[in-house]
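The chain contents come next:
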Amino acid sequence: MKKSIYQHFRAEEAPLIDSLNDMINQAASEYRPILSHFLNPRELYIARTLVNMQDEVKLSANGGVPGAERQRALFYPEYYEPEIADFQITLMEVSYPHKFAVLHHGSILGTLVNSGVQREVLGDIITDAQRWQFFVEAPIASFLTGEIDRISRVKVRLEEQPLSQTVEQISEWEEVEETVSSLRADVLISHFYNVSRKHAKDLFHAHKIQLNWMTLEKPDYELADFDILSVRGYGRIRLNEQNGVSKKGKLKISAAVLRK
């Protein structure tokens, strides 16, 4: 891999670049498909960028449902034709007493992670406002089925379902086109959630901000394409694209905002 590729990304993304590049090289040298864990949008963007820099390997991604936020990447040689089974994704449904209990995304995710599995083996958690489902790497499904019988104080049972039985997810993301003065994290939080820059900075000091699911402590950290900024108590911001500069010198961006 050319050393120059690192200059296009953040210094802290170098280990991810190396890992993805190892999978690409393995697919090329062994002439067979290589499957990643679930990747967030920023990680998948980096994977696509690396694949587009060479001609021997292609990439397909799947998260179990069209438009999934977290997807597994399959790196494969040109001759190969990927199938859905290649992604080894299992759909799990949370069976619980709907009439007497309420579940939330955060409590489901917390229970799954606290069971001992890593976040990277888990895909999206989805709901139609009543039923809850999530995607997981196939080899992990049986472990979770035997390990989890409660989420918060609610008694549950995890059941495998065919991917064809995925619920029609309710999307609460709002797609927007905006102009902003900067891509700094605190500026975006202030802009999209209508809070003061001081309050935005206070959220960082209270450790309530995550960038791509990792705690972020720098208010002046600049977002890049497909970053997801999570703001506890407010929601999430996904930067999709940068679209140049307005006549007034502001940055034009496409983004998606989730408000709690």
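Look above for the structure.
Positions within a chain are numbered from 1, following the residues in the order the chain's sequence is written. Side-chain atom pairs in this predicted model are given and counted only at pLDDT of 80 or more, local residue features only at pLDDT of at least 70, and totals for whole chains, interfaces and linings cover all residues. For the side-chain quantities, the full set of heavy atoms in the structure was used; hydrogens and water were omitted.

## Side note on helix α1 (residues 14-30)
Taking 1.5 Å per residue, 17 residues should reach 24 Å; α1 reaches 24 Å between its end C-alpha atoms and fits that length. Burial classes follow relative accessibility: with a 1.4 Å probe on protein chains only, a residue under 20% of its type's maximum area counts as buried, one over 50% as exposed, and anything between as partly exposed. Helix and strand assignments come from DSSP, with helices taken as H or I runs of at least 4 residues and strands as E runs of at least 2, each series counted from the N terminus. Every buried residue of α1 is accounted for by Ala14, Ile17, Leu20, Asn21, Met23, Ile24 and Ala27. In this structure, the buried side of α1 is in contact with β1 (34-39), α2 (41-51), β2 (57-62) and β3 (71-77). Directly beyond the C-terminal end of α1, a positive phi value near 55° is found at tyrosine 31. Here the expected length of a helix is defined as 1.5 Å per residue gap, with one fewer gap than residues. Only heavy atoms matter for contacts: two residues are in contact if any of them lie within 4.5 Å across the pair.

## Some thoughts on the sheet that holds β3
Two strands are counted as paired when DSSP detects at least two bridges linking them. Here three strands make up an open sheet; going across it, the order is β1-β3-β2 and the pairing antiparallel. This sheet does not close on itself; its edge strands, each paired only once, are β1 and β2. Direction aside, neighbouring strands of the sheet carry axes that sit 20° apart on average. As paired strands, β2 and β3 are joined by six bridges and run antiparallel to one another. Residue pairing in the sheet places valine 57 in a bridge with proline 77 of β3. Axis lines are fitted through C-alpha atoms, for helices just across the contact stretch, and the angle between N-to-C directions can take any value from 0 to 180 degrees. Most of the contacts of α2 go to β2, to which it runs at about 160°, and overall it touches β1, β2 and β3.

## Concerning the nonpolar core
To define a nonpolar core, start from buried Ala, Val, Leu, Ile, Met, Phe, Trp, Tyr and Cys residues and group those joined through side-chain atoms within 4.5 Å. Core analysis: the biggest nonpolar cluster contains 24 residues, and Ile189, Phe192, Ile209, Leu216, Leu229 and Ile253 have the highest contact counts within it. The set of elements that each furnish at least two residues to this core consists of β10 (173-180), α5 (185-193), α6 (197-205), β11 (209-211), β13 (228-231), β14 (235-245) and β15 (251-259). Looking at this core, the element that brings in the most residues is α5, giving five residues. What isoleucine 209 contacts, discounting residues up to four positions off in sequence, is Ile189, Leu203, Phe204, Met214, Thr215, Leu216, Leu229, Ser230 and Val231.

## Remarks on the environment of leucine 59
Residue placement: leucine 59 occurs in strand β2. Considering only alpha carbons, one finds leucine 59 and phenylalanine 75, 16 residues apart in sequence, at a separation of 4.7 Å. If near-sequence neighbours (up to four positions away) are discounted, leucine 59 is found in contact with Leu44, Ala47, Arg48, Val51, Ala73, Leu74, Phe75 and Tyr76.

## Let's talk about the sheet that holds strand β5 (residues 122-127)
Working definition: the strands of a sheet are paired by backbone hydrogen bonds and lie parallel or antiparallel to each other. A sheet is described by the order of its strands in space; here four strands give the open sequence β5-β6-β4-β9, paired in antiparallel fashion. This sheet does not close on itself; its edge strands, each paired only once, are β5 and β9 (157-161). Neighbour to neighbour, the strand axes of the sheet diverge by 30° on average, direction disregarded. The sheet contact formed by strand β4 (residues 89-95) and strand β6 (residues 132-137) spans six bridges and is antiparallel. Residue pairing across strands places leucine 91 opposite phenylalanine 135, the latter belonging to β6.

## Things to note about unusual backbone geometry
For alanine 129, which is not glycine, the phi torsion reads 90° and is therefore positive. Along the chain, alanine 129 falls in the loop between β5 and β6. Residue classification places alanine 129 among the exposed positions, given a relative accessible area of 63%. Positive phi is not limited to glycine here, since phenylalanine 226 has a value of about 70°. Along the polypeptide, phenylalanine 226 turns up in the loop between β12 (214-215) and β13.

## Re the pairing of β15
As defined by bridge partners, β10 adjoins β15 across eight bridges and the pair is classed as antiparallel. Pairing of threonine 179 across the sheet is with lysine 252, part of β15. Note: β14 against β15, eight bridges, orientation antiparallel. Its bridge partner lying in β15, isoleucine 237 is registered against valine 257. Hairpin connection from β14 to β15: five residues lie between these consecutive antiparallel strands, with glycine 249 at a positive phi of about 85°.

## Topic: the packing of aromatic side chains
Two rings from Phe, Tyr or Trp (for Trp, the six-membered ring) form a pair when their centres are within 6.5 Å of each other. A pair whose planes differ by under 30 degrees is stacked, one over 60 is edge-to-face, and the rest are tilted. Considering all chains together, one arrives at five aromatic pairs under this definition. With a centroid separation of 5.2 Å and an interplanar angle of 35°, the aromatic rings of tyrosine 45 and phenylalanine 226 are classed as tilted. Here the residue tyrosine 45 occupies a position in helix α2, and phenylalanine 226 occupies one in the loop between β12 and β13, the gap between them amounting to 181 residues. For phenylalanine 226, a relative accessible area of 27% corresponds to the partly exposed category. An aromatic cluster is defined as three or more aromatic residues linked by ring pairs; in this entry it consists of Tyr31, Tyr76, Tyr79 and Tyr80. Just above the ring of phenylalanine 38 sits the side chain of arginine 72; from NZ or CZ to the centre is 5.9 Å. Placement of a charge over a ring requires the Lys NZ or Arg CZ to be within 6 Å of the ring centre, with the centre-to-atom vector within 35 degrees of the ring normal. Just above the ring of tryptophan 173 sits the side chain of arginine 238; from NZ or CZ to the centre is 4.8 Å.

From the geometry alone we can't say anything about function, so treat these as descriptive.
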